[in-house]
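What follows is the residue order along each chain.
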Amino acid sequence: MKDIILDLIKKHKKKVDFLEIRIENSETTEIKYFGKLLDGLNTSNSTGGYVRCCFKGTWGFCSFNNLDNLEEYTDNAIKQSLLFGSEKNEKTKLAFVKPIIISQKINLSGKDPRKISLINKVELFKQYNEILNSFSNK
């Protein structure tokens, strides 16, 4: 993915004054109780991000949740900034900052919740729910 992003930036960077592409991937688990009953259980993975660019002080932006059309999203953001930026005589004024490429991973001091089975998570939440319900039936 990193190579695809860098190739897109290299291909399009001369069209605009500034261009960035950000991608985020998240994993979630949802366990819901309603009273004493397990009411909902869901796990999901999602990937998305945005393309942001600027031309002559006009910003273009496109957010997405599907990586299949990343080049199209990049083109759309660029078209937005060019559409209005080409009418201006001003320049984009941004401080020069070296590009930062980060892949951030979480650092867990205890057990990694991603490695705990869904069955064990549900059982743990069942125990928590029983503790809560032992204090009140509300």
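Computed from a predicted model, the values in this text were never measured in an experiment.

Considerations on the sheet that holds strand 3 (residues 58–64)
Picture the strands of a sheet paired through backbone hydrogen bonds; they go either parallel or antiparallel.
Okay, step 1: The strand order across the open sheet built from 3 strands is 1-2-3, with neighbouring strands paired in antiparallel fashion. Two strands lie at the open edges of the sheet, namely strand 1 (18–34) and strand 3, each paired on one side alone. The mean inter-strand angle of the sheet, taken between neighbouring strand axes irrespective of direction, is 20°.
Okay, step 2: Strand direction decides the pairing type here: strand 1 and strand 2 (residues 37–55), joined by 17 bridges, are antiparallel. By the bridge assignment for strand 2, serine 26 is matched with serine 46.

A short note on the pattern of salt bridges
Okay, step 1: The tally for this structure, following the rule as stated, stands at 4 salt bridges.
Okay, step 2: Across the pair glutamate 20 and arginine 22 runs a salt bridge whose closest N-O atoms are separated by 3.4 Å.
Okay, step 3: In this structure, aspartate 112 and arginine 114 form a salt bridge, with 2.8 Å as the shortest nitrogen-oxygen distance.
Okay, step 4: Residue classification places aspartate 112 among the buried positions, given a relative accessible area of 15%.
Okay, step 5: By relative accessible area, arginine 114 is classed as partly exposed at 48%.
Okay, step 6: Shared partners join several salt bridges into a network, and the residues in it are Glu20, Arg22 and Arg52.

Examining the nonpolar core
If you look at soluble globular proteins, the nonpolar side chains tend to sit buried side by side.
Okay, step 1: Counting 14 residues, the largest nonpolar core has Val16, Ile21, Val51, Cys53, Leu70 and Tyr73 as its most contacted members.
Okay, step 2: If you list the elements that add at least two residues to this core, you get helix 1 (2–12), strand 1, strand 2, strand 3 and helix 2 (70–85).
Okay, step 3: For tyrosine 73, the contacting residues outside a window of four places in its chain are Val51, Cys62, Phe64 and Asn66.

Considering the packing of aromatic side chains
Okay, step 1: In total, this model carries 4 aromatic pairs according to the counting rule given.
Okay, step 2: When the centroid spacing of 5.6 Å and the interplanar angle of 70° are considered together, the rings of phenylalanine 18 and tryptophan 59 count as edge-to-face. Of this pair, phenylalanine 18 sits in strand 1 while tryptophan 59 sits in strand 3; the two residues are 41 residues apart in sequence, bridging distant segments of the chain.
Okay, step 3: Taking the relative accessible area as the measure of exposure, phenylalanine 18 reaches 25% and is therefore partly exposed.
Okay, step 4: In this structure tryptophan 59 comes out as partly exposed when scored by relative accessible area, which is 40%.
Okay, step 5: Measuring from ring centre to ring centre gives 6.0 Å for phenylalanine 125 and tyrosine 128, while their planes differ by 70°; the resulting arrangement is edge-to-face. Here phenylalanine 125 pairs with tyrosine 128, and both are found in helix 3 (residues 118–135), just 3 residues apart, close to one helical turn.
Okay, step 6: With a relative accessible area of 37%, phenylalanine 125 lands in the partly exposed category.

Overview of the pairing of strand 3
Okay, step 1: Alternating residues of strand 3 divide into Thr58, Gly60, Cys62 and Phe64, all buried, and Trp59, Phe61 and Ser63, none buried.
Okay, step 2: Connecting the antiparallel pair strand 2 and strand 3 is a turn made up of 2 residues, with lysine 56 showing a positive phi of about 50°.

Observations regarding the confidence of the model for the chain
In low-pLDDT regions, the fine details of the predicted coordinates are not to be read closely.
Okay, step 1: When pLDDT is averaged across the chain, the result is 89; 99% of the residues are at 70 or more.
Okay, step 2: By mean pLDDT, helix 1 is the weakest element of the chain at 91, and strand 3 is the strongest at 95.

Conventions used here
- Residues numbered from 1 in each chain as written.
- Predicted model: local features only at pLDDT ≥ 70, side-chain atom pairs only at ≥ 80, totals over all residues.
- Heavy atoms only, no water.
- Pairing = 2+ DSSP bridges.
- Helix = DSSP H or I, 4+ residues; strand = E, 2+ residues; numbered from the N terminus.
- Axes fitted to C-alpha atoms, helices over the stretch in contact; angles between N-to-C directions.
- Salt bridge = Lys/Arg side-chain N within 4 Å of Asp/Glu carboxyl O.
- Buried < 20%, exposed > 50% of the residue type's maximum accessible area, 1.4 Å probe, protein only.
- Core = buried A, V, L, I, M, F, W, Y, C linked by side-chain atoms within 4.5 Å.
- Contact = heavy atoms within 4.5 Å.
- Phe/Tyr/Trp six-rings, centres within 6.5 Å; stacked < 30°, edge-to-face > 60°.
- pLDDT = per-residue confidence, 0-100.

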